[in-house]
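Single-letter residue listing:
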Amino acid sequence: MSGPMARPMRMNEPPQVRSRDFTGSALRLLRRLTPQRGLTIAVILLGVGGIAVSVIGPRILGHATDLLFNGVIGRQLPAGLTKEQAIEAARARGDSTFADLLSGMNVVPGQGVDFGAVARTLALALVLYVVAALMVWLQARMLNVVVQRTIARLRADVEDKVHRLPLRYFDTRQRGEVLSRVTNDVDNMQQSLSMSITQLLTSVLTVFGVLVMMLTISPLLTLLTVVTVPLSLWVTRSIARRSRTLFVDQWTNTGRLNAHIEETYSGFTVVKTYGHRAGAIEQFDELNDDVYRASFGAQFLSGLVSPATVFVGNISYVAVAVVGGVQVATGQITLGGIQAFIQYVRQFNQPLTQIAGMYNTLQSGIASAERVFDLLDAEEEPADPLRTLPAVGAARRGRVEFDEVSFGYLPGTPVLEHLSLVAEPGSTIAIVGPTGAGKTTLVNLLMRFYDVDAGRILIDDVDITSVSRSSLRSQIGMVLQDAWLFAGSVYDNIAYGRPDARYDEVVDAAKAAGFAEAVQRYMPGVSVDQLSPDYAGIRPKLAGPGERFADFVVAEESERGNPGFVNCIGIESPGLTAATAIADRVVSLIA
């Protein structure tokens, strides 16, 4: 084992075969918009208003076409006749087709085009389109606020959840896979939510608005348009059902690939030392191919949705053009009416095509949402008791006892059985044993990274499960096998466990760890990444100084040695009551 964050058993999560509950996950994602309900309602109202205004436009343009066509035909008729007389004259000379055309027009014989009326009509259409564009722009802006706030809250929830998860959760998963959920999947949810809500809301409202306008023009032509919708939905559903599995595989495989990359780069020195570069590259190629195949299949299948629905939509478009032409010729509908209707057919089919094309984005987002929701639903650490562990003083001596402790990382696979151990106050205990003997497990149990299966761990006869984890861990200092430094200054890393420590205390702790000569030079405001090669050895030693502030010290030594380990064993601190050294070799304790 490699430290208190050791991975006693790492298991890759099995790839999901398909989205488990597409509808349920989508509704749960939408429910996260509830805190922004006010803005969400405003977005919906703006969408309704914008679509209502924009769908009137083709009808007004059709009226402008009628004004032009009526003027052209009226100018060809003799002045002084009424419309009815012009129709009878056309029938009398055997021109029934022209008579039928006149019967459906609002023509005045002898009167040409009223360009003033045409200009006013076009101006009205322009104003409506500008108003619709402004409403759509405002809707998009408010929707962006809603989505960004929702995703920000989601990220905060994920971050809080990560801190509430037990160490067992991370020990049984690859870190890169977890990071992929926290980063890639959340980002994909944001993109999907932004695109899906915008297009879905606009498309649904457009379909209903256009449908109402088409019914006011010609119920028969509306029927011809609507009759192809079930076919479009069937095509979309058939393709989406096959691509959904691939989208789930895409993001699952992406998580596995990220996990491999994170582990390879984090342990790059080990990979090179043991000549595993070829194996790591081969494994990367395999995982990369998995991502490629799943992504290619998902995008290819989902890409078929749009052309398929466009083809089905064109069938209705052709039917409307033929039947509409006949109706214009027979006077059942005006030329402007059929022009407006054809525009409505395009507006009707376009949202259906957008909804179909949006399926790939929506399915990808729901696949990511399920992975994020799995993390949010994961079992958390049991709630902490309100009781705190008293500080060292009159009420505490610092006696640590393992009383008949039994523990296993996996059910049925015990690591410790009926272990009893006592560390008396003021003592330094050395625990030596081969890798896998359970040394790090003792640390995990003492720090309550895991809870015992049986028995008790006592500090001054106080069961550590009866006090809060924070009060327990705040009084125990650890030197890990592998030195871990956070981005920041040398000072910040030394005082990480006690941010309120005074400057002189931090300096004393650094000197006690064995780099007094360099502390004055690198302490104030110098980043750990700015340490010169001459002081490279300070980096692993920085793991030790902070333990000066603890009441108990636990130090681990790795196979390649840990300078902070040796320094910590001999550290002198006024409040230190006990120290425990864990090593694979006896020579480490006498180094």
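Residues numbered from 1 in each chain as written. Predicted model: local features only at pLDDT ≥ 70, side-chain atom pairs only at ≥ 80, totals over all residues. Heavy atoms only, no water.

A.B. asks: Can you explain the nonpolar core? Please cite residues and give values.
C.D. replies: Grouped together as the largest cluster of nonpolar side chains are 30 residues, with contacts concentrated most on Phe98, Leu102, Met214, Phe341, Tyr344 and Phe348. Of all the secondary-structure elements, those providing two or more residues to this core are helix 2 (37-76), helix 3 (83-92), helix 4 (96-103), helix 7 (175-217), helix 12 (305-329) and helix 13 (335-357). Top contributing element to this core by residue count: helix 13, with seven residues. (Core = buried A, V, L, I, M, F, W, Y, C linked by side-chain atoms within 4.5 Å. Buried < 20%, exposed > 50% of the residue type's maximum accessible area, 1.4 Å probe, protein only. Helix = DSSP H or I, 4+ residues; strand = E, 2+ residues; numbered from the N terminus.)

A.B. asks: Describe a negative patch on the surface, listing the residues and the values that go with them.
C.D. replies: Residues Glu282, Asp285, Glu286 and Asp289 make up a contiguous surface patch of negative charge. For Glu286, the position within the fold is in helix 11 (residues 277-303). (Patch = residues over 30% accessible without salt bridge, like charges linked within 9 Å, V, L, I, M, F, W, Y side chains within 5 Å. Areas by Shrake-Rupley, 256 points an atom, 1.4 Å probe, with all protein chains shown as cover. Salt bridge = Lys/Arg side-chain N within 4 Å of Asp/Glu carboxyl O. Lys, Arg positive; Asp, Glu negative; His and termini not counted. Charge placed at Lys NZ, Arg CZ, Asp CG, Glu CD.)

A.B. asks: Help me get a handle on the environment of Ala64, residues and values and all.
C.D. replies: Examined against the element boundaries, Ala64 turns out to sit in helix 2. Sequence separation between Ala64 and Val118 is 54 residues; the distance between their C-alpha atoms is 5.5 Å. Discounting chain neighbours no more than four positions away, the residues touching Ala64 are Val118, Thr121 and Leu122. (Contact = heavy atoms within 4.5 Å.)

A.B. asks: If you had to explain the pattern of salt bridges to someone new, which residues and values would you point to?
C.D. replies: Overall, the coordinates contain 17 salt bridges when judged by the stated rule. The salt bridge involving Asp290 is made with Arg293; its shortest N-O contact spans 2.6 Å. Remark: Arg293 and Asp290 occur in helix 11; sequence separation between them is three residues, near one turn of the helix. By relative accessible area, Asp290 is classed as partly exposed at 22%. Here Asp451 ties to Arg448 by a salt bridge, and the two come within 2.9 Å at their closest N and O atoms. Counted as one network, the salt bridges with shared partners bring together Arg32, Arg153, Asp157 and Asp160.

A.B. asks: Give a detailed account of the layout of surface pockets, specifying residues and quantitative values.
C.D. replies: Each pocket or cavity is described by its volume, and for the second largest pocket that value is around 440 Å³. The wall of the second largest pocket is formed by 21 residues, among which Leu30, Leu193, Ser196, Ile197 and Leu200 lie closest to the centre. When residues of the lining of the second largest pocket are traced back to their parent elements, those giving at least two are helix 1 (22-31), helix 2, helix 5 (115-164), helix 7 and helix 14 (359-377). The residue inventory of the lining of the second largest pocket, partitioned by class, reads 16 nonpolar, five polar and no charged. (1 Å grid on protein atoms, 1.4 Å probe; cavity = no way out; pocket = protein on both sides within 12 Å on 5 of 7 lines; lining within 4 Å. Points joined across faces, edges and corners; volume = space filled by probe spheres on them. Nonpolar A, V, L, I, M, F, W, Y, C, P; charged D, E, K, R; others polar.)

A.B. asks: Lay out the environment of Leu458 with the relevant residues and their values.
C.D. replies: Checked against the element boundaries, Leu458 lands in strand 4 (residues 454-459). For the pair formed by Leu458 and Leu446, sequence separation is twelve residues and the distance between their alpha carbons is 9.1 Å. The contacts of Leu458, once residues within four sequence positions are left out, are Arg399, Val400, Glu401 and Asp463.

A.B. asks: Could you give me a rundown of the environment of Thr82, with the residues and numbers involved?
C.D. replies: Looking at the element boundaries, Thr82 is found in the loop between helix 2 and helix 3. A relative accessible area of 38% means that Thr82 is categorised as partly exposed. Separated by 27 residues in sequence, Thr82 and Pro109 place their C-alpha atoms 6.6 Å apart.

A.B. asks: I'd like a rundown of helix 7, residues and numbers included.
C.D. replies: End to end, helix 7 covers 61 Å across 43 residues, agreeing with the expected 63 Å (1.5 Å per residue, within 8%). The sharpest bend along helix 7 reaches about 35° and sits at Arg181. (Expected span 1.5 Å × (residues − 1). Bend = angle between axes of the 7 residues up to and from the residue.)

A.B. asks: Describe unusual backbone geometry, with residues and values.
C.D. replies: A positive phi angle, near 50°, is found at His418, a position not held by glycine. Among the structural elements, His418 can be located in strand 2 (residues 416-423). With a relative accessible area of 55%, His418 lands in the exposed category. With phi around 55°, Asp460 is a residue other than glycine that occupies positive phi space. What makes Asp460 buried here is its relative accessible area of 15%.

A.B. asks: Tell me what's going on with helix 1, and back it up with residues and numbers.
C.D. replies: Along helix 1, the residues that are buried comprise Phe22, Ser25, Ala26 and Leu29. Taken down its axis, helix 1 places every buried residue within 100° of arc, on the same side. Across from the buried face of helix 1, at angles greater than 90 degrees, the exposed residues are Thr23 and Arg31. (Arc of directions from axis to C-beta.)

A.B. asks: Hey, could you go over the packing of helix 9 (residues 229-266) against helix 11 for me, with residue numbers and the actual values?
C.D. replies: Angle between the axes and distance between the axes: these two values describe a pair of packed helices. Where helix 9 contacts helix 11, the two axes come as close as 8 Å, and the packing angle between them is 155°. Relative to helix 11, the element helix 9 lies roughly antiparallel. Taken as a pair, helix 9 and helix 11 cross one another with a handedness that is left-handed. Classifying every residue of the contact of helix 9 with helix 11 by side-chain character gives twelve nonpolar, twelve polar and four charged. (Axes fitted to C-alpha atoms, helices over the stretch in contact; angles between N-to-C directions. Parallel < 35°, antiparallel > 145°, perpendicular 65-115°, else oblique. Left-handed = near helix turned anticlockwise from the far one by under 90°.)

A.B. asks: Explain the packing of aromatic side chains to me, using residue names and the numbers behind them.
C.D. replies: In the structure shown here, the tally under the stated rule is six aromatic pairs. On the numbers, 5.5 Å between centres and 80° between planes, the contact of Tyr169 with Phe170 is edge-to-face. Owing to a relative accessible area of 7%, Tyr169 belongs among the buried residues under this scheme. Ring geometry for Tyr409 against Tyr450: centres 5.0 Å apart, planes inclined by 85°, an arrangement best described as edge-to-face. Taken as a pair, Tyr409 in the loop between strand 1 (400-407) and strand 2 and Tyr450 in the loop between helix 15 (439-446) and strand 4 lie far apart in primary sequence, 41 residues in all. Overall, the relative accessible area of 8% leaves Tyr409 in the buried class. Classification of Tyr450 as buried rests on a relative accessible area of 4%. Clustering of aromatic rings is evident, with ring pairs tying together Tyr292, Phe296 and Phe300. (Phe/Tyr/Trp six-rings, centres within 6.5 Å; stacked < 30°, edge-to-face > 60°.)

A.B. asks: Before we move on, could you go through the side chain of Arg448 and cite the residues and values that matter?
C.D. replies: Note on placement: Arg448 falls in the loop between helix 15 and strand 4. At 2.9 Å, the side chain of Arg448 and the side chain of Asp451 are in polar contact. Residues within four places of Arg448 in sequence aside, it is in contact with Glu381, Asp384, Ile464, Thr465, Val467, Arg469, Leu472 and Arg473. (Polar contact = N/O pair within 3.5 Å; in protein donor to acceptor, adjacent residues only side chain to side chain.)

A.B. asks: Can you explain the sheet that holds strand 5 (residues 462-463)? Please cite residues and give values.
C.D. replies: Pairing is antiparallel in the open sheet, where four strands are placed in the order 2-1-4-5. Lying at the two open borders of the sheet, with one neighbouring strand each, are strand 2 and strand 5. Sheet topology note: the strand 1/strand 4 ladder contains five bridges and is antiparallel. Bridging across to strand 4, Asp403 finds its partner in Arg456. Strand contacts of helix 15: strand 1, strand 2 and strand 4, with the helix running at about 110° to strand 1, the strand carrying the most contacts. (Pairing = 2+ DSSP bridges.)

Everything listed is a geometric property; what it means functionally is a separate question.
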